[in-house]
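# Observations on the three-dimensional arrangement
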Amino acid sequence: EGGQTPNHLREEWVPPPRDDLQTNALKLGNNLLTSLPPAFNIILREVMDKPRNLSWIDLSFNQLEEVPSVLASHLYSRLNVIYLHANQPQ
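In short, a report on the structure. (Residues numbered from 1 in each chain as written. Predicted model: local features only at pLDDT ≥ 70, side-chain atom pairs only at ≥ 80, totals over all residues. Heavy atoms only, no water.)

Scanning the entire structure with this criterion turns up two aromatic pairs. For the pair Trp56 and Tyr83, a centre-to-centre distance of 5.7 Å together with 80 degrees between the ring planes defines the contact as edge-to-face. Separated by 27 residues along the polypeptide, Trp56 in strand 2 (residues 56-58) and Tyr83 in strand 3 (residues 81-83) bring together distant segments of the chain. According to the relative accessible area criterion, Trp56 is partly exposed, its value standing at 30%. (Phe/Tyr/Trp six-rings, centres within 6.5 Å; stacked < 30°, edge-to-face > 60°. Helix = DSSP H or I, 4+ residues; strand = E, 2+ residues; numbered from the N terminus. Buried < 20%, exposed > 50% of the residue type's maximum accessible area, 1.4 Å probe, protein only.)

For the rest of this paragraph, the subject is the environment of Leu36. Tracing the sequence through the fold places Leu36 in the loop between strand 1 (25-27) and helix 2 (40-47). A C-alpha to C-alpha distance of 6.3 Å links Leu36 and Pro68, two positions 32 residues apart in sequence. Dropping the residues within four chain positions of it, Leu36 is found in contact with Leu28, Leu59, Pro68, Val70 and Leu71. (Contact = heavy atoms within 4.5 Å.)

Formed by 13 residues in total, the largest nonpolar core has its most connected members in Phe40, Leu44, Leu54, Ile57 and Leu71. Other than its neighbours up to four places away in sequence, Leu71 contacts Leu36, Phe40, Ile57, Leu59, Tyr76, Leu79 and Ile82. (Core = buried A, V, L, I, M, F, W, Y, C linked by side-chain atoms within 4.5 Å.)

Structure (structure tokens):
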């Protein structure tokens, strides 16, 4: 049809399993955040398939006055990097 050859790659392509698309990071920098909402755990479950795998979060360039206490939750035991530079610590 029209001199075009079929694209065999498209027929053979299989989407990767969902597990290959897991993320362990969250970038929330440059958002003028003054705090993380109490419902942060619920929000994170909507954004990430496995929020317990969160290992780093970027909160830089916001207006946070302290490290959000929600991040100290046992739910984030793998969290080992929190970027907080350019905030407003007290």
